[in-house]
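Structural overview for review
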Amino acid sequence: MEEKTILSLPFVQGFIRLTDDAFRQGWHERNGGNLSYRLTPEEVSQAKPYFTQDGDFCPIGASTPNLAGEYFMVTGSGKYFRNVILEPQNNAAIIEIDQTGENYRIVWGLEQGGRPTSELPSHLMNHSVKKEVTNGAHRVILHSHITNLIALTFVLPLEDEVFTRELWEMATECPVVFPDGVGVVGWMVPGGHDIAVATSELMKKYDVAVWAHHGAFCSGPDFDTTFGLMHTVEKSAEILVKVLSMGGKRQTITTQNFRDLAKDFHVTLPERFLK
Ligand code: 13P
Ligand code: ZN
């Protein structure tokens, strides 16, 4: 009988599958992008026998008191999404948050050294906000360098209303997939506390935050929904890039069309996107 390892646990399999799928989409050149997943208490119990490390706690670079005692699976800084499926133990880690919510330590993974993603402050601040506003439902934060969305940040005004409305117009099901819209952060230095604060502020209202000239963050309850959200946003952005390249819209989905869609699909669309 094959020996059971931590790699056979469903959440680890889901984490690996997402990194591989996202790499194959072309969203993760080199070490671009990062992923984090908040374990359930049952998953922590299942994974604990395989934990191999209990080193010192290090500062997160952000304060996330409501994440005290939580465990996250995260990609490593400088590690490539395409390598996670080959050697998860060297390209990802499971971390534990201390009782203050200000420090973390690695309990499994990154066996050849390294540290969690440089975007850990953004990931954990987003998790903190989402845990609160979704009553614990959201568990996944994905940061991807989605090509067409990045291209649009050089052309469209960097406003929530503009990005939301343009992306909604490019695919009929977008308002159903992300009815709250998308938020936009102007260019900021990545990897730090300030961009984490700005992004988590948007996560109070949206499941998608665009980082101008860099990429996007998506939040969701599970791997499929979060991957699917990033996929939908990027597909819509790709259509818009094509439409703009062909000389722009000649006709589109109208405000009244959106109102009819919202009624039939039982979604509430904020009025500020329906002007
Ligand atoms: P990491 O390799 O540290 O995860 O950084 C990649 C990235 O996309 C930074 O925004
Ligand atoms: Zn990035």
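The structure this text deals with has already been given above.
Okay, so let's go over this structure.

Calculation criteria
Residues numbered from 1 in each chain as written. Chains lettered and ligands numbered in written order. Predicted model: local features only at pLDDT ≥ 70, side-chain atom pairs only at ≥ 80, totals over all residues. Heavy atoms only, no water. Core = buried A, V, L, I, M, F, W, Y, C linked by side-chain atoms within 4.5 Å. Buried < 20%, exposed > 50% of the residue type's maximum accessible area, 1.4 Å probe, protein only. Helix = DSSP H or I, 4+ residues; strand = E, 2+ residues; numbered from the N terminus. Contact = heavy atoms within 4.5 Å. Phe/Tyr/Trp six-rings, centres within 6.5 Å; stacked < 30°, edge-to-face > 60°. Expected span 1.5 Å × (residues − 1). Polar contact = N/O pair within 3.5 Å; in protein donor to acceptor, adjacent residues only side chain to side chain. Near = heavy atom within 4 Å. Areas by Shrake-Rupley, 256 points an atom, 1.4 Å probe, with all protein chains shown as cover. Nonpolar A, V, L, I, M, F, W, Y, C, P; charged D, E, K, R; others polar. Donors = N, O, S within 2.8 Å, 3.2 Å for Na, K, Ca; no water. Axes fitted to C-alpha atoms, helices over the stretch in contact; angles between N-to-C directions. Parallel < 35°, antiparallel > 145°, perpendicular 65-115°, else oblique. Left-handed = near helix turned anticlockwise from the far one by under 90°. Pairing = 2+ DSSP bridges. Salt bridge = Lys/Arg side-chain N within 4 Å of Asp/Glu carboxyl O.

**With respect to the nonpolar core**
The nonpolar side chains of a soluble globular protein tend to be buried with one another. Core analysis: the largest hydrophobic core is formed by 66 residues, its most contacted members being F11, M73, I94 and L149. With 8 residues, the top contributor of residues to this core is helix α10 (residues 223–245). Those residues within four positions of L149 in sequence are excluded, and the remaining contacts are F163, L167, V210, G215, A216, V233, E234 and A237. Judged by nonpolar contacts, the second largest core, of 15 residues, contains A62, A93, I95 and I97.

**Some points on the packing of aromatic side chains**
On inspection of all chains with the given rule, the structure shows 8 aromatic pairs. Seen in terms of ring centroids, W168 and F273 are 5.5 Å apart; in terms of plane orientation they differ by 80°. Their pairing is edge-to-face. Taken together, the residues span a long stretch of sequence, with W168 in helix α7 (residues 160–170) and F273 in the segment after α11 (255–265) at a distance of 105 residues. Of the two residues examined, W168 and F273, each falls in the buried class. An aromatic cluster of at least three residues, connected via ring pairs, comprises F11, F15, Y37 and F223.

**Quick notes on helix α5 (residues 120–133)**
When the terminal C-alpha atoms of α5 are compared, their 20 Å separation across 14 residues agrees well with the 20 Å that a helix rising 1.5 Å per residue should span. Along α5, 11 of the 14 residues are buried, which leaves the element largely enclosed by surrounding structure. Immediately downstream of α5, the backbone of N135 shows phi near 55°, a positive value.

**Considering α10**
Taking 1.5 Å per residue, 23 residues should reach 33 Å; α10 reaches 33 Å between its end C-alpha atoms and fits that length. Of the positions making up α10, those classed as buried are F223, T226, F227, L229, M230, V233, E234, S236, A237, L240 and V243. Two or three places before D224, at the opening of α10, D222 has a side-chain oxygen 3.4 Å from that residue's backbone nitrogen. Positive backbone phi, approximately 105°, marks G247, located one or two places after α10.

**Some points on the environment of K48**
For K48, the position within the fold is in the loop between α2 (41–47) and β2 (58–59). C-alpha separation for the pair K48 and W108, spaced 60 residues apart in sequence, amounts to 9.1 Å.

**Some words on the site of ligand 1**
As a matter of local geometry, ligand 1 sits amid N31, G32, G33, N34, S77, G78, T117, S118, E119, H143, H145 and H214. In this structure, H143 approaches ligand 1 through a side-chain N or O atom, which is 3.3 Å from an oxygen atom. When the free accessible area of ligand 1 is taken as 300 Å², the share hidden by the protein chains comes to 91%. Split into classes, the residues belonging to the shell around ligand 1 amount to no nonpolar, 11 polar and 1 charged.

**Comments concerning the coordination of the zinc ion (ligand 2)**
Reference values for angles at a metal are 109.5 degrees in the four-donor tetrahedral case and 90 or 180 degrees in the six-donor octahedral case. Distances from the zinc ion (ligand 2) to its protein donors, H143 (NE2), H145 (NE2) and H214 (NE2), fall at 2.0 to 2.1 Å. Summarised as a motif, the one-chain spacing of the donors to the zinc ion (ligand 2) is H-x1-H-x68-H. With H143 in strand β6 (residues 140–144) and H214 in the loop between β8 (208–211) and β9 (215–220), this residue pair connects regions lying 71 residues apart in the sequence.

**Describing the packing of helix α1 (residues 10–24) against α10**
Each pair of packed helices gets described by two things: the angle between the helix axes and the distance between those axes. Taken N-terminus to C-terminus, the directions of α1 and α10 make an angle of 15°; their axes are 10 Å apart at the nearest point. Put simply, α1 runs roughly parallel to α10. Relative to α10, α1 is oriented so that their crossing is right-handed. Here α1 contributes F11, G14, F15, R17, L18, D21 and A22 to the contact with α10, which in turn contributes F223, D224 and F227. Taken together, the residues of the contact of α1 with α10 sort by class into 6 nonpolar, 1 polar and 3 charged.

**Things to note about the sheet that holds β8**
One open sheet accounts for 9 strands, arranged β2-β5-β4-β3-β1-β6-β9-β8-β7; its pairing is mixed. Looking at strand neighbours, the two that pair on one side only are β2 and β7 (183–185), the edges of this open sheet. Each of β1 (34–38), β6, β8 and β9 is contacted by α10, which is oriented at about 145° to β9, the strand it contacts most.

**Overview of the pattern of salt bridges**
Tallied over the full model, the rule gives 14 salt bridges. In this structure, K204 engages E201 in a salt bridge whose closest nitrogen and oxygen atoms are separated by 3.1 Å. Connected through shared salt-bridge partners, R165, E166, E169 and K249 make up one network.

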